[in-house]
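# Observations on the three-dimensional arrangement
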Amino acid sequence: AQKITQTQPGMFVQEKEAVTLDCTYDTSDQSYGLFWYKQPSSGEMIFLIYQGSYDEQNATEGRYSLNFQKARKSANLVISASQLGDSAMYFCAMRIPAGGNQFYFGTGTSLTVIP
Amino acid sequence: DGGITQSPKYLFRKEGQNVTLSCEQNLNHDAMYWYRQDPGQGLRLIYYSQIVNDFQKGDIAEGYSVSREKKESFPLTVTSAQKNPTAFYLCASTRWAGPLYGYTFGSGTRLTVV
């Protein structure tokens, strides 16, 4: 069963506007971690932000924030004040310590920032 | 600075050849992983290793082999049995315990069959 779902294959946003990239997850475990990674055209994977399942406050890292809604099992990434350099693929991932401590990745969202 | 080094950045393989992709980390991470990424798609797990001299198959291990003789190194061999090896290969590492740690990724190797 798919653990991470990203339903937006492609997104467009105007420069300086905010954008939300959706991510839902599926697990019955109580302890897990949620991550967002950025992959520019060069291919490297860049860590953006992390949210632990027991964290009560939404994580923020500069222009990135994670809208964590535990009951809805969603972990959406919000990018404020988009910049041209934000154009990239974005992957949501989940790590579950139980059952082998596996990482699960979504299929990604391609974000294009329009000048 | 600590990190993961993948080499080469670009690799060309002839039909029937085995090639080895290098992955070295100096982060003292326990676990190392190999992923394959095809154009426009997500990451698929090939192999992973939690400790030295031990590794497990991922979702698409057929046609690949690995070794983990040192904590720092986790090379991936793409064998001639892998019928469609053209892809982007990413190596990653992490501390094994707990959900708090994400992956650190290498910069990737782009493999092309010629």
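Now for a description of the structure that goes with this document. (Residues numbered from 1 in each chain as written. Chains lettered and ligands numbered in written order. Predicted model: local features only at pLDDT ≥ 70, side-chain atom pairs only at ≥ 80, totals over all residues. Heavy atoms only, no water.)

## Quick look at the sheet that holds strand β3 (residues 19-25) of chain B
Residue and element names in this part refer to chain B. Strands sit in the order β1-β3-β8-β7 across an open sheet of four strands; the sheet is antiparallel. Bordering the open sheet on either side are β1 (4-7) and β7 (64-66), each of which pairs with just one other strand. The average undirected angle you get between the axes of adjacent strands in this sheet is 20°. Alignment of β1 against β3, held across four bridges, turns out to be antiparallel. (Pairing = 2+ DSSP bridges. Helix = DSSP H or I, 4+ residues; strand = E, 2+ residues; numbered from the N terminus. Axes fitted to C-alpha atoms, helices over the stretch in contact; angles between N-to-C directions.)

## Comments concerning the packing of aromatic side chains
Evaluated as defined, the whole model comprises 21 aromatic pairs over all chains. Relative to B:F105, the ring of A:Y37 lies with its centre 5.3 Å away and its plane at 85°, an arrangement referred to as edge-to-face. Placement of the pair is A:Y37 in strand β5 (residues 33-39) and B:F105 in strand β10 (residues 104-105), with the two residues belonging to separate chains. The exposure class assigned to A:Y37 is buried, which follows from its relative accessible area of 0%. On the accessibility criterion, B:F105 (9% relative accessible area) is buried. Look at A:F105 and B:F105: their rings are 6.2 Å apart centre to centre, the planes differ by 65°, and that puts the pair in the edge-to-face class. Of the two residues, A:F105 sits in strand β11 (residues 102-105) while B:F105 sits in strand β10, which places them in two different chains. Across the pair, exposure class does not vary: A:F105 and B:F105 are buried alike. (Phe/Tyr/Trp six-rings, centres within 6.5 Å; stacked < 30°, edge-to-face > 60°. Buried < 20%, exposed > 50% of the residue type's maximum accessible area, 1.4 Å probe, protein only.)

## Quick notes on the environment of A:S42
Residue and element names in this part refer to chain A. Counting through the fold element by element, S42 comes out in the loop between β5 and β6 (46-52). For the pair S42 and A88, spaced 46 residues apart in sequence, the C-alpha separation works out to 9.5 Å. Within the structure, the side chain of S42 is placed 3.3 Å from the side chain of E44, a separation counted as a polar contact. (Polar contact = N/O pair within 3.5 Å; in protein donor to acceptor, adjacent residues only side chain to side chain.)

## With respect to the side chain of B:Q37
Turning to its location among the elements, B:Q37 is positioned in strand β4 (residues 31-37). From its side chain, B:Q37 meets the backbone oxygen of B:Q41 in a polar contact 3.0 Å long.

## With respect to a nonpolar patch on the surface
Residue and element names in this part refer to chain B. On the surface, Y10, F12 and V114 cluster together to form a nonpolar patch covering roughly 360 Å² of accessible area. Mapped onto the fold, F12 is located in strand β2 (residues 10-13). For F12, a relative accessible area of 55% corresponds to the exposed category. (Patch = residues over 30% accessible without salt bridge, like charges linked within 9 Å, V, L, I, M, F, W, Y side chains within 5 Å. Areas by Shrake-Rupley, 256 points an atom, 1.4 Å probe, with all protein chains shown as cover. Salt bridge = Lys/Arg side-chain N within 4 Å of Asp/Glu carboxyl O.)

## A closer look at the interface of chain B and chain A
With 23 residues of chain B at the contact, the number on the chain A side is 22 residues. Between chain B and chain A, roughly 1600 Å² of surface is buried when both sides are summed, and carbon and sulfur atoms account for 55% of that area. Connecting chain B to chain A are zero salt bridges. For the interface between chain B and chain A, the tally reads four residue pairs in polar contact (both at pLDDT 80 or more). For the side of chain B that touches chain A, the elements supplying multiple residues, two or more each, are β4, β5 (43-49) and β9 (87-94) of chain B. (Contact = heavy atoms within 4.5 Å. Buried area = accessible area lost by both parts, 1.4 Å probe.)

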